[in-house]
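Each chain, letter by letter, is given below.
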Amino acid sequence: MNIQCELDFFTKDTRKEKSYIDFHSHNGYELVYYASGHGRTTIGDKVYPYQAGQFSVIEPNCPHDEYRESATEVHFLVFSYNNYPIALRNHVYTEPGDAPIKQLMHKLGEEMLRKNSFSPILLRCYLTELIVEIGKISGEKLQHAEPEDQLLYAKSYIEQYAADKINLPKLAETHGYSYDYFRHLFKENTGYSPMQYIMLHRFKKAKQLLAESRESITTIALECGFSNTPQFCAMFKKQFGVSPLQYKGTISKKSL
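The rules behind each value
- Residues numbered from 1 in each chain as written.
- Predicted model: local features only at pLDDT ≥ 70, side-chain atom pairs only at ≥ 80, totals over all residues.
- Heavy atoms only, no water.
- Axes fitted to C-alpha atoms, helices over the stretch in contact; angles between N-to-C directions.
- Helix = DSSP H or I, 4+ residues; strand = E, 2+ residues; numbered from the N terminus.
- Parallel < 35°, antiparallel > 145°, perpendicular 65-115°, else oblique.
- Contact = heavy atoms within 4.5 Å.
- Nonpolar A, V, L, I, M, F, W, Y, C, P; charged D, E, K, R; others polar.
- Buried < 20%, exposed > 50% of the residue type's maximum accessible area, 1.4 Å probe, protein only.
- Lys, Arg positive; Asp, Glu negative; His and termini not counted.
- Salt bridge = Lys/Arg side-chain N within 4 Å of Asp/Glu carboxyl O.
- Polar contact = N/O pair within 3.5 Å; in protein donor to acceptor, adjacent residues only side chain to side chain.
- 1 Å grid on protein atoms, 1.4 Å probe; cavity = no way out; pocket = protein on both sides within 12 Å on 5 of 7 lines; lining within 4 Å.
- Points joined across faces, edges and corners; volume = space filled by probe spheres on them.

A.B. asks: How would you sum up the packing of helix H6 (residues 194-212) against helix H8 (residues 229-240)? Please name residues and give values.
C.D. replies: In helix packing, the relevant descriptors are the interaxial angle and the interaxial distance, both defined with respect to the helix axes. Between H6 and H8, whose axes approach to 12 Å, the crossing angle comes to 95 degrees. Between H6 and H8, the angle falls in the class roughly perpendicular. In this structure, H6 contributes Met-199, Phe-203, Ala-206, Lys-207 and Leu-210 to the contact, and H8 contributes Phe-232, Met-235, Phe-236, Gln-239 and Phe-240. Across the contact of H6 with H8, the residue classes tally to 8 nonpolar, 1 polar and 1 charged.

A.B. asks: So, the side chain of Arg-202: which residues are in play, and what are the values?
C.D. replies: Assignment of secondary structure puts Arg-202 in helix H6. It turns out Arg-202 is buried and unbridged, and the closest side chain with the opposite charge, Asp-164, is 7.5 Å from it. Looking at Arg-202, its side chain comes within polar contact range of the main-chain oxygen of Ala-162, at 2.6 Å. Aside from chain neighbours lying at most four places away, what touches Arg-202 is Ala-162, Ala-163, Asp-164, Cys-224, Gly-225 and Phe-226.

A.B. asks: Describe in detail the pattern of salt bridges, supporting the description with residues and values.
C.D. replies: Enumeration over the complete set of coordinates arrives at 10 salt bridges. The shortest N-O distance in the salt bridge between Asp-65 and Arg-40 comes to 3.0 Å. In this pair, Asp-65 is assigned in strand S7 (residues 64-68) and Arg-40 in strand S4 (residues 38-43), connecting sequence segments 25 residues apart. Linking Arg-68 and Glu-66 is a salt bridge whose minimum nitrogen-to-oxygen distance equals 3.0 Å. Residue classification places Arg-68 among the buried residues on the basis of a relative accessible area of 3%. Put simply, Asp-13, Arg-15, Glu-66 and Arg-68 are held in one network by salt bridges that share partners.

A.B. asks: For the layout of surface pockets, give the residues involved together with the corresponding values.
C.D. replies: By volume, the largest pocket amounts to about 260 Å³. If you list the elements that add at least two residues to the lining of the largest pocket, you get strand S1 (5-15), strand S8 (72-81), helix H2 (119-138) and helix H5 (179-190). Considering only residue class, the lining of the largest pocket consists of 4 nonpolar, 8 polar and 4 charged.

And the structure:
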């Protein structure tokens, strides 16, 4: 089982007493470690008190806020993760006495300052270890579905609805991915970006209709998800070297 993750952002900050950060969200997972202070945070629709030695896990695109009753030192990071094989859930956790989360956050901070050729590898290792420690603390069971299996539905959905306007970030969120990581994983497994895969199936359907139907070019363009006829014609010619009308004519001659 491989944990596929990537650190997007890491920083430390001391936040003033009686200060407040309004609701906001991130494309990736966020981990906030409370090194000192106390207050409360709302994650989604649930309010959690926090204190020193606790940390919050926030899922991608989940609205959350933070109010500090006292000055609070926080270490926080945002990262991409496909939520496999350890599922991360919205929650505020208390870490055990040996403080593995605190130690790993410290290592991350030191490596961010060091910045040498080995840093990207070490940062990914520390992030992987963080995810494992969170899984141990949360008591989540390991998942056994491979990421490739998780992409099957996304691929099938795109193939079925390629002619419609697909909200790719929403599709990624449905599977527990940030859009950037979904796009990376999709291309790694199919050879195409999600948008390229949509266009592949729009062109496939267009060629089929051009060859088999008597519908007009305009009708075919709209049926295949293109905004208008000029856009369809320009993109088709760029892709295949001939216009849709020329392609239709070539196919008609071959059938005679």
